[in-house]
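Take a look at the letters that make up each chain.
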Amino acid sequence: MATTEQCRAALERLARNLAEADGGVRSAAAVERSVSCHLTDLDITFTGRLVHGRIEDTTTVPGPPPERAQIRLAMTGDDLVSLVEGRLSFAHAWSRGRVRLEAGLRDLLRLRSLL
């Protein structure tokens, strides 16, 4: 089981990847939205803001998200680490119910190139 620190490192790596991306990925992430990632096995939530292709102001709170973010993810810590490391396909994990993604239709359409 992934630890909180391993998950934090995975999210930091994801933030770096977004910040360094170019083309369609960068433009898809060039929005300002609140985001949350609930790690179901650790029962913690990382919250932050997606701002111009960067994830900023990341904080960790116990339990489920305290507020409804505009983009919401839920998964296990192991799945988060595997997704960021490229060992797990988002489409595969989502279709199998291992990852939940909730967002408005416009955000989903914009984010499809990220996923």
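Just above, that's the structure.
Residues numbered from 1 in each chain as written. Predicted model: local features only at pLDDT ≥ 70, side-chain atom pairs only at ≥ 80, totals over all residues. Heavy atoms only, no water.

Chemist: An account of helix 3 (residues 77-85) is needed here, citing residue identities and associated values.
Modeler: Taking burial as the measure, the nine residues of helix 3 include seven buried ones, the bulk of the element. Gly77, Asp79, Leu80, Val81, Ser82, Leu83 and Val84 are the residues of helix 3 that are buried. Along its buried surface, helix 3 packs onto helix 1 (4-20), strand 1 (32-39), strand 4 (71-75) and helix 4 (90-95). Immediately downstream of helix 3, the backbone of Gly86 shows phi near 85°, a positive value. (Buried < 20%, exposed > 50% of the residue type's maximum accessible area, 1.4 Å probe, protein only. Helix = DSSP H or I, 4+ residues; strand = E, 2+ residues; numbered from the N terminus. Contact = heavy atoms within 4.5 Å.)

Chemist: Can you tell me about the sheet that holds strand 2 (residues 44-51), naming the residues and giving the values?
Modeler: With respect to topology, five strands assemble into an open sheet ordered 3-2-1-4-5, the strand pairing being mixed. The strands lining the two open edges of the sheet, one partner per strand, are strand 3 (54-62) and strand 5 (100-103). Recorded for the sheet is a direction-independent mean angle of 15° between the axes of neighbouring strands. Relative to strand 3, strand 2 is paired through seven bridges, and the arrangement is antiparallel. For Phe46, the partnering residue across the bridge sits in strand 3 and is Thr60. Each of strand 1 and strand 4 is contacted by helix 3, which is oriented at about 110° to strand 4, the strand it contacts most. (Pairing = 2+ DSSP bridges. Axes fitted to C-alpha atoms, helices over the stretch in contact; angles between N-to-C directions.)

Chemist: How would you summarise unusual backbone geometry if you had to cite specific residues and measurements?
Modeler: Glycine aside, the phi torsion of most residues is negative, and most peptide linkages are trans. A positive phi angle, near 50°, is found at Asp43, a position not held by glycine. With respect to the helices, strands and loops of the structure, Asp43 is situated in the loop between strand 1 and strand 2. Residues other than glycine seldom take positive phi values, yet Asp57 does so here, at roughly 55°. Among the secondary structure elements, Asp57 is positioned in strand 3.

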